[in-house]
Structure formats: C-alpha cells, structure tokens
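Here is how the chains run, residue by residue.
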Amino acid sequence: MGVREEKSVSEAPEKAPGNRERTPAGPAPRPLGSLVARSWQALLWEQLWPPVAAALVIVGIFLAVSWIGFWISIPPLARIAGVCAFGLLLAVSLSPLIWLRLPKRSDALARLDRGHAHRPATAIHDRLSNSAGDPVMEALWRAHREAAQKASRGLRARWPSPRLAWRDPYAIRALVLLSVVATFFVAKEDHERRLMAAFNWTGAVPSKIYRVDAWVTPPAYTGRAPLLLPGIRHDEPAPKDTAAFVVPAGSELIVRATGISSLDLSAQGGLAEQNTETQKNAGIERHFKIAESGALTVTGLPGGRVTWPFTAIPDRPPTIGFLNDPESAGRGIVTLNYRVEDDYGVASATARMTPIPPKQGEPAPRALVPPPEFPLSLPQAHTRAGNGQTSKDISDNPWAGATVMLQLAARDDAGNEGVSETREVQLPERVFTKDIAQALVEQRRILAQDANARDRVAHALLALMIAPDRFTPDASVYLGLRTAFTRLKLAKNDNDLVSVLDYLWSMALQIEDGNMSDIDRELKAAQDALREALQRGASDEEIKRLTDNLREKLEKFMQALTEQLRRQQADGERPLDRNTRVIRPQDLKNMLDRIENLAKNGARDAARKLLDEMQAMLDNLSRTRQAQGGQEGESGDPLDELGRMIQEQQRLRDKTYRQGRQDGRPQQDGRPGERNRRAYGDLRNNQQELRQKLEQMLEALKRRGGEGEGEEGQGKDGNDPGKQANEALGRAGKAMQDAEGALEGGDSDNAVDAQGRALQALRKGAQNLADAMQGEGEGSGEASGQQGQSAERTDPLGRPMRSREYGDDFTVKIPGEIDVQRARRVLEELRRRFSEPDRPREELDYLERLLRDF
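**Q** Is there a simple way to explain the overall build of the chain in this structure?
**A** Scanning the chain from N- to C-terminus turns up 24 helices and 16 strands. For the chain, with 854 residues in total, the buried portion stands at 41%. Long-range pairs, those at least 24 residues apart, make up 72% of the contacts in the chain with a sequence separation of at least 6. Carbon and sulfur atoms form 52% of the exposed surface of the chain, whose accessible area is close to 47,700 Å².

**Q** Looking at this structure, I do not really get the packing of aromatic side chains. What am I missing?
**A** Two numbers describe a pair of aromatic rings. These are the distance of the centres and the angle of the planes. As enumerated under the stated definition, the model contains eleven aromatic pairs in all. Measuring from centroid to centroid gives 5.6 Å for Phe184 and Phe185, while their planes differ by 85 degrees, and the two rings are edge-to-face. The class of Phe184 is partly exposed, set by a relative accessible area of 38%. With 5.8 Å between their ring centres and 90 degrees between their planes, Phe432 and Trp505 make a pair best called edge-to-face. Of this pair, Phe432 sits in the loop between strand E16 (423-426) and helix H9 (435-449) while Trp505 sits in helix H13 (residues 494-513), placing them 73 residues apart in sequence. Clustering of aromatic rings is evident, with ring pairs tying together Phe62, Phe70, Trp71, Phe86 and Phe199.

**Q** It is not clear to me how the nonpolar core should be interpreted in this structure. Could you clarify?
**A** Nonpolar side chains tend toward joint burial in soluble globular proteins. Judged by nonpolar contacts, the single largest core of 55 residues is most densely connected at Leu336, Leu376, Leu408, Leu440 and Leu461. Those elements giving two or more residues to this core turn out to be strand E9 (319-322), strand E11 (333-355), strand E12 (374-376), strand E14 (403-412), H9, helix H10 (454-464), helix H12 (475-490) and H13. Sort the elements by how many residues they give to this core and H13 lands first, with nine residues. In this structure, Leu376 is in contact with Ile320, Leu336, Tyr338, Ala349, Thr350, Ala351, Thr390 and Leu408, ignoring residues within four places of it in sequence. With 28 residues, the next largest nonpolar core counts Leu588, Ala599, Leu611 and Leu618 among its residues.

**Q** Would you take a moment to explain unusual backbone geometry for this structure?
**A** Trans peptide bonds make up most of the peptide bonds, and negative phi angles are found at most residues other than glycine. One non-glycine residue, Lys188, lies in positive phi territory at about 55 degrees. With respect to the helices, strands and loops of the structure, Lys188 is situated in the loop between helix H7 (172-187) and helix H8 (191-196). On the basis of relative accessibility, which here comes to 63%, the residue Lys188 falls in the exposed class.

**Q** Help me understand H7 in this model?
**A** Residues three or four positions apart in an α-helix share a direction because the helix packs 3.6 residues into each turn. The first and last C-alpha atoms of H7 sit 22 Å apart over 16 residues, in line with the 22 Å expected at 1.5 Å per residue. All of the buried residues in H7 are Val176, Val180, Thr183 and Ala187. Viewed along the axis of H7, the buried residues span an arc of 80 degrees, placing them on a single side of the element. Those residues of H7 that are exposed and aimed more than 90 degrees away from the buried face are Leu175, Leu177, Leu178 and Phe185.

**Q** Help me understand the packing of H9 against H13 in this model?
**A** Pairs of packed helices are described in terms of their axes, by the angle between the two and the distance that separates them. It is the contact of H9 with H13, at a shortest axis distance of 9 Å, that shows an interaxial angle of 160 degrees. Put simply, H9 runs roughly antiparallel to H13. Crossing of H9 over H13 shows left-handed handedness. Across from Ile436, Ala437, Leu440, Val441, Arg444, Leu447 and Ala448 in H9, the residues of H13 making contact are Leu497, Val500, Leu501, Leu504, Trp505, Met507, Ala508, Ile511 and Glu512. In terms of residue class, the contact of H9 with H13 is built from 14 nonpolar, no polar and two charged.

**Q** I'm lost on the side chain of Arg79 in this one. Help?
**A** Examined against the element boundaries, Arg79 turns out to sit in helix H2 (residues 76-94). Look at Arg79: it is buried, it has no salt bridge, and the nearest opposite charge is Asp190 at 12 Å. For Arg79, the residues in contact, after removing those within four places along its chain, are Trp71, Ile72, Ile74, Ala197, Ala198, Asn200 and Trp201.

**Q** Would you mind going over a nonpolar patch on the surface with me for this structure?
**A** Taken together, the side chains of Leu177, Val181, Phe184 and Phe185 present a nonpolar region at the surface, about 420 Å² in accessible area. As for its position among the elements, Phe185 is in helix H7. Residue classification places Phe185 among the exposed residues on the basis of a relative accessible area of 58%.

**Q** Looking at this structure, I do not really get the packing of H12 against H13. What am I missing?
**A** Running from amino to carboxyl end, H12 crosses H13 at an angle of 170 degrees, the nearest separation of the two axes being 10 Å. The angle between the axes of H12 and H13 places the two elements in the roughly antiparallel class. Residue-level inspection shows Val477, Gly480, Leu481, Thr483, Ala484, Arg487 and Leu488 of H12 in contact with H13, the latter providing Leu497, Ser499, Val500, Tyr503, Leu504, Met507 and Ile511. Across the contact of H12 with H13, the residue classes tally to ten nonpolar, three polar and one charged.

**Q** Whenever I open this one, the environment of Gly270 confuses me. Can you help?
**A** Mapped onto the elements of the fold, Gly270 is located in strand E6 (residues 264-278). Taking the C-alpha atoms as reference, Gly270 lies 9.5 Å from Thr311; in sequence the two are 41 residues apart. Among residues more than four places away in sequence, those in contact with Gly270 are Lys289, Ile290, Ala291, Glu292, Ser293 and Gly294.

**Q** Teacher, can you tell me more about the pattern of salt bridges here?
**A** Where charged atoms from two side chains of opposite charge approach closely, those side chains can pair. Taken as a whole, this structure holds 23 salt bridges when the rule is applied. A salt bridge links Asp593 to Arg551; the nearest nitrogen and oxygen atoms lie 2.8 Å apart. Placement of the pair is Asp593 in helix H16 (residues 585-600) and Arg551 in helix H15 (residues 540-570), with a sequence separation of 42 residues. The partly exposed category is assigned to Asp593, whose relative accessible area is 24%. For the salt bridge of Asp738 with Arg757, the shortest nitrogen-to-oxygen distance reads 3.5 Å. Placement of Asp738 in helix H21 (residues 721-744) and of Arg757 in helix H22 (residues 748-778) is noted, with a sequence separation of 19 residues between them.

**Q** Honestly, H10 in this entry has me stumped. Any pointers?
**A** Among all positions of H10, only Val457, Ala458, Ala460, Leu461 and Leu464 are buried. Down the axis of H10, the smallest arc covering the buried residues is 160 degrees, so these residues share one side. In H10, those exposed residues whose orientation departs by more than 90 degrees from the buried face are Arg456 and His459.

**Q** Any chance you could explain the confidence of the model for the chain here in plain terms?
**A** Any segment with low pLDDT has predicted coordinates that should not be analysed in fine detail. Overall, the predicted model of the chain reaches an average pLDDT of 76, with 75% of residues at or above 70. Per-element confidence in the chain ranges from a low mean pLDDT of 41 for helix H20 (residues 706-714) to a high of 94 for E9. For residues 1-30, every residue scores under 50 in pLDDT, and the model assigns this stretch 35 contacts once sequence neighbours within four places are set aside. Ignoring residues within four places in sequence, the model shows residues 706-718, a span with pLDDT below 50, making 26 contacts including any to other chains.

**Q** What's the story with the pairing of E9 in this structure? I'm lost.
**A** Looking down a regular strand, the side chains alternate between one sheet face and the other. Residue alternation in E9 divides its side chains into a buried set, Ile320 and Phe322, and an unburied set, Thr319 and Gly321. Examined bridge by bridge, E9 and E11 share four bridges and lie antiparallel to one another. The residue of E11 that forms the bridge with Phe322 is Tyr338.

**Q** Just checking my understanding: could you explain the environment of Lys764 for this structure?
**A** Mapped onto the secondary structure, Lys764 falls in helix H22. Residue Lys764 is classed as partly exposed on the basis of its relative accessible area, which comes to 44%. If near-sequence neighbours (up to four positions away) are discounted, Lys764 is found in contact with Ala728 and Arg731.

**Q** It is not clear to me how the side chain of Asn324 should be interpreted in this structure. Could you clarify?
**A** Considering the arrangement of structural elements, one finds Asn324 in the loop between E9 and strand E10 (327-328). Relative accessible area serves as the criterion here: at 6%, Asn324 is assigned to the buried category. At 3.3 Å, the side chain of Asn324 forms a polar contact with the side chain of Asn337.

Parameters and conventions
Residues numbered from 1 in each chain as written. Predicted model: local features only at pLDDT ≥ 70, side-chain atom pairs only at ≥ 80, totals over all residues. Heavy atoms only, no water. Helix = DSSP H or I, 4+ residues; strand = E, 2+ residues; numbered from the N terminus. Buried < 20%, exposed > 50% of the residue type's maximum accessible area, 1.4 Å probe, protein only. Contact = heavy atoms within 4.5 Å. Areas by Shrake-Rupley, 256 points an atom, 1.4 Å probe, with all protein chains shown as cover. Phe/Tyr/Trp six-rings, centres within 6.5 Å; stacked < 30°, edge-to-face > 60°. Core = buried A, V, L, I, M, F, W, Y, C linked by side-chain atoms within 4.5 Å. Expected span 1.5 Å × (residues − 1). Arc of directions from axis to C-beta. Axes fitted to C-alpha atoms, helices over the stretch in contact; angles between N-to-C directions. Parallel < 35°, antiparallel > 145°, perpendicular 65-115°, else oblique. Left-handed = near helix turned anticlockwise from the far one by under 90°. Nonpolar A, V, L, I, M, F, W, Y, C, P; charged D, E, K, R; others polar. Lys, Arg positive; Asp, Glu negative; His and termini not counted. Salt bridge = Lys/Arg side-chain N within 4 Å of Asp/Glu carboxyl O. Patch = residues over 30% accessible without salt bridge, like charges linked within 9 Å, V, L, I, M, F, W, Y side chains within 5 Å. pLDDT = per-residue confidence, 0-100. Pairing = 2+ DSSP bridges. Polar contact = N/O pair within 3.5 Å; in protein donor to acceptor, adjacent residues only side chain to side chain.

Set out below in structure tokens:
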C-alpha cells in the first residue's frame, strides 16, 4: 500500500495534471458531517467557557458587593480603587480570549475518533495520496473505507468538557451565585442606586471648598427667633425644593457665601435687595427685604440650583376701643378704660381730642391752642391683648370743661395705626368756689377754643371791673383784671394770646387758693412725674428719686395746710366739723413708702393705683380747705347753715305749740285777743325770716353749681341726691309759707302741722345735700348719670372705692405683704440665673425678656 496522508479536503495540495488521483472522493455522509460540526462547536466552547465563567464570577462578586452597600460606605477614592481592581480582574479573566484559536476540521474529527480504533471518522475523510493506477491498491482503499463506514455508525459527538471543576475545585462559582441572589433581596428596591454608587466619584478629586448659608431675621418687635434655611455645601448635594417658609412681612433675608468670589441670586415677588457687603475672607453677604411673598433662587454653583420660597404674613393694624364711658377721678382728672389688641404687640397708644364740628352755616372757630392729647398706658410693654386704664390730670389745660370729640389711637412697631370710635365727651375741670375765679376760667376756655372771640372775652373782663368797690374790693384782683384786659387788647399774635391764657389761669389760682396755689402746683408736678415714671417702667433709682421729691413736696403741702387752718381758727372762723375726716401725715408717708416698695418689686400697676388714691385724698383735703375758706359775700358750709335752720325751725314749732296751749279756746268771734295777735305776729315774722334764709341758701347753692350740676348731669335720674335735696328744701319752703298763713290767722294747730312738715323736709333735704356734697367731693366734681350710682363711696381715708356695676373690673388689687415677698424672691432668682454666663444663650435671652417685662 502506498503512504496515506491524513489531510482534509480543504488542505489537500493541488496535484499536477500528470499525477491526478484516480480514486473518486465524494462528500462525507450527512450524518457524519453534523457530528463533525458539533464536535467543532464543542471544541470552541471548551475554549470560550473557562474565561467567560471566570469573568461572570468577577461580575457576580461585583454585584454582591454593590447590592450589600459597600460602595456607599466608602469614600470616592476607595470606590475608584475598588472599581479598578474589579476591572483588572475582569480583564485578566478574559485575557485567554486574546489567544483563542478556532478549532480545525481535523481537530473535530480527532475528537470524534477518541475512544474508537482505527479512527473511523478520520479514515472516512482521508484520501489516497498516490495510487499510481494500481488496481490492487485502489481495491484495498475501497475496502478500507467501507470498513471505516461501518465503524462510523457508532460515532457520537460528546458534550463539551471545559473542565471547570478542575479549574475551580472549591466551587467558588456556586458561592458567588448564592451571594448574588441573597444580596439582590437585601437591596430591595435600591439596586440601581447601590450599583451606580460604585461609579459616583464626585469629590474624589478635591474641589473648591465653598458654602452658602441663608437665614431670615424677623423684625425685633415680633419676638420670633431667626429662621435658618437649608444651606449649600461643596460636599453635599443641592437641597431639593421645599415648601414655602412662613415669615412675618418686613423680615430680613441674609445670604452669606464663603469660598467664592461671586454669587448669582435672583429675587422674585416681594423680595427686594438692600445692600451687598464684601467680607475680608473674599466672601459675600447680601441682604433682602421680604415685604411680600416671593422666592430667592441661587444659580451658578457646582451643587446646582437652589430656590427658597417665602410666604409673608402681613402685620395687621392694632385695634383699640372703649370699654365704657370716660370717667372723672379727682379734680380735672379724666380716666379712660380701653382694650388694645395686636398680632405682635402694641407699641404705644394715644388719646386724641378734636373740637366739636360747627353747625351748618356757622363759622368754624380758630382754636388758639389744640385740645389736649396724651399717651395712654399699656397693660404691659408690647402687649398683644389686654385692658388698660389711664388717668390724666387736665385741670390746667385751657380746654378743661369743654365738650370735645375723643378718639383713641394705637400704633405698633411697624407703624400701623388703629383708631377707636369717636365719642363726644365733656372734659372734667377743677371746681372753683370764687365767682371771679370761675369767670376767669370760663373766659380762658372761650378764648382757647376760638381766638376770634378775643373781643367778647375783653368785654367780659371789662364787665368784671364794673363797681370794683362792690364786686372786687381786693385791689390786687382789680389790678389783675385790668392787666389781663390790657394784655388782651394789645396782643399782636397768637403767642401773645397764649400768654394771656396762662395769666388768666395763674390769676384764677391765686384768687382761689391764695399762697397755697404755688405749693399745689409743685405737689401736682411731683405726682405727675412719679405717675409718668411708673407708666413707662422707669428704673428703681429714678422711682426712688421721684418718690423722695414727692415726699418733700407733700411735707411742704401739709405744713402750709396746717398753718392755714391755724390762721383761720385764730381769726375766729368756724372750727372743723366733727364729721370731717382727719388724715395724719404719717398715713401719707406710709402710702408713699408702700408705693416705692411696690414699684421696686415690680408691681407698677398697683403702685400707680395707690398713687391715684393718694391724689384723691389730697383733692379731698383741698376741697375741704376751699370750703372752709368760704366765698366772697356768702356764708359758710350749707350743711351747717341748714343745721342751724333745723334747730331754729324746731324752736319755732315748740313756741307755736306752747302758744296754742296758752290760748285755750278762742273767743266767740273765733279770733284771738290783742296779746295773742302780737305773739302770732312775732312767730309769723320769725317764720318768714327763716324762709328767706332758706331761699338765700338755695340761691347760693345754685351759684355754686349744686342745682346746675344736678340738672345737667343727673336730671334724668330721680334718685340723684342733689336733685332730691333741692326738691326737699323746696317742700320745706312751701311748708314754711303755709305755716306763715296759719300763724297770720292764729291757727296754731295748722301752723304746728305745717312747721312739722317743714322740719321733716329740712331734715330730708339736709341728708340729701350731705350725700350730694359727698358725691361731689369724692366723685371728682362731675355729675355722673350712672343709674343712681353717681357718688363714689370712700373709705375712712377718703380714697374712692370703685363701683362694680360694669362687667369688667379695672381696679388693681394692692398686693399683700406675702405677695410682695414672693414677687421679690422670684425677681432675685431671675437676676441670679441671668448673672450666670455659662447658661445657654437661649435661656439667657428668655431671662432677659422676663426681667425687662417684670
């Protein structure tokens, strides 16, 4: 046999034409061809699968590490190193593919021949290299192929065998697969983020360090703490869009950036930039005013775009309103009770007064001085809601006693103002008992209300100077009237007229009080200064200084009053009434000491209330002094005169009764004898004189304003003591007149009955007059028509006792010693804690606010 060459058909060399093979070579059978193809594929898979399997193991480890959260917990540089390590391992595992060689056909045939003798698959595909036309050799070749064909029937294409078990004897691939499945369920819905975290290398390369901080500072009067906004950092992602921040209108937005040289800010809506300030460390600080709702956007930063939206709450105007009608508390003192409310706190309140508008067709008056206007005290500093009470002495104001339009106004720190309803009120005034003083004060008020009335006032002054020997026997009074008249006629401008107002007032005080007027003014000024200090919350040192000043003025006042009473008694004037209240200087000193202690311990309202009570007591003393001084051409106290009349009427009644007993039976003609007629005539004359005295006293009461005030202030109230006194005294006069008629006719029985009625009416009138005078003295000189409760009751020291007919009680409870001591201990503890600097700043701020409001 010739030499056989095992080559595939595709690799058989091309023979020369003279050496052509004579053995026919047909294609391999179809079943054997499919086996060769599968064997070839198996060989290729055995080369591909080991590196691919290694790569899949590396990928599985990467997935397990990612889903367990490893990349999230390490810094960016460690992430880069980990990803690079996994990439290197993946490249090494896939590196065998670089040298991959595709299997040959002969390799596939050889794989089929494994385990079979004589290599049937290879023999089938072999060719005879050189038969040289030898029939024997060709016959042998055909026999050989036929044997190989028979043997190929048992050939099978075995499954690929990549030998992974040999390469991975510890089955790491299975452990990796189990880890991937377990970590997949551990990550839940966070697979993508954890996986992509391996490739998040932000911050790996150090970037420029910067930060942007922003906060909102509300106005100080709101009492709100600053609001810190989400900031921007170089190492943090930009804050996401948030809900609008609710801030008070007028708040200040401050944006501070460090580490950058420029800041791109865009304000929308009600935000307006105020200024820009460059810091020393190349930072920027910019301020914005939040007037209305809007937003601020920051752009151009590596962290991204940030927007801060704001909703501005507008500051509502405060509200203020009357709680009841204005009251009078003392001589010329008006008391206002009101309620104030505001969303952040009322800063101040004012009582404003305007003249009454003229009637249609009447010329408008030109006020020489404006009506009084004074601040109102608040329940506490920057109160949000509460009831307040203010007492103001306007007795020396030219508008005292006039009718004005009163309106209250409240203002907050933002400048918003709220006003109350307007009420028509008559201002209280000081009551003068001297006719000349009353006339001067009235003309002063007329001139103050209308500067155009100067001629009318001049005529009134001129009328007061008629018959000076009768009406103004005091030369100093006449000269004062002449001076006032001359200054009024020579006045060239309003300033000159205002000086006339001041002169008329000082002259009225001199006529009414004499030398006591200067001491009264000093005492009043000291009281007003202390009251104003208590209202504005002055320091303890100032309160002590003003209290000492008031104590000094009060001592001078009591000395002058004592000296005046001593002179009156030495001049033979009537002594003090046994019912007159006696106030010792020690009582006033104790009240001053308690006022000082209350103010020192923080009870300013109670101290102010006690000061008002002291002023009421001093007003009672002044009125008592004026009553004891008497009026020009008039008798003394009406109650004393009325008492003497009651005694005289009782004596007349007794004489009439005895005269009737002495008469016996009348004569036949029914008329008494001559002797009895003279007796009855004397009784009638005495009764007539007594009736005339009663009428004179009634006229004096009318001049003093007793009846006028009763009719004006309480004419609608049948229970008014002043009106009842007038009615009772009128009945007494009528009964006296009936007694006169009966005495003229000698009818003793009817005369005694009429005198009894007169006596009963006099006693009733005296009681009512006493009640009316008490109400005038203790109810501040104005007639009040408050359902029969006009006269305020007083305690033994002359201090007014508040009525509780209203639903709201504005009296201030005077703290007892236990309350004062407790308040002092609380104040000392607050001061002790505030003096410890190691306490938190928030606590120190809170303690400071408490001490400021205490």
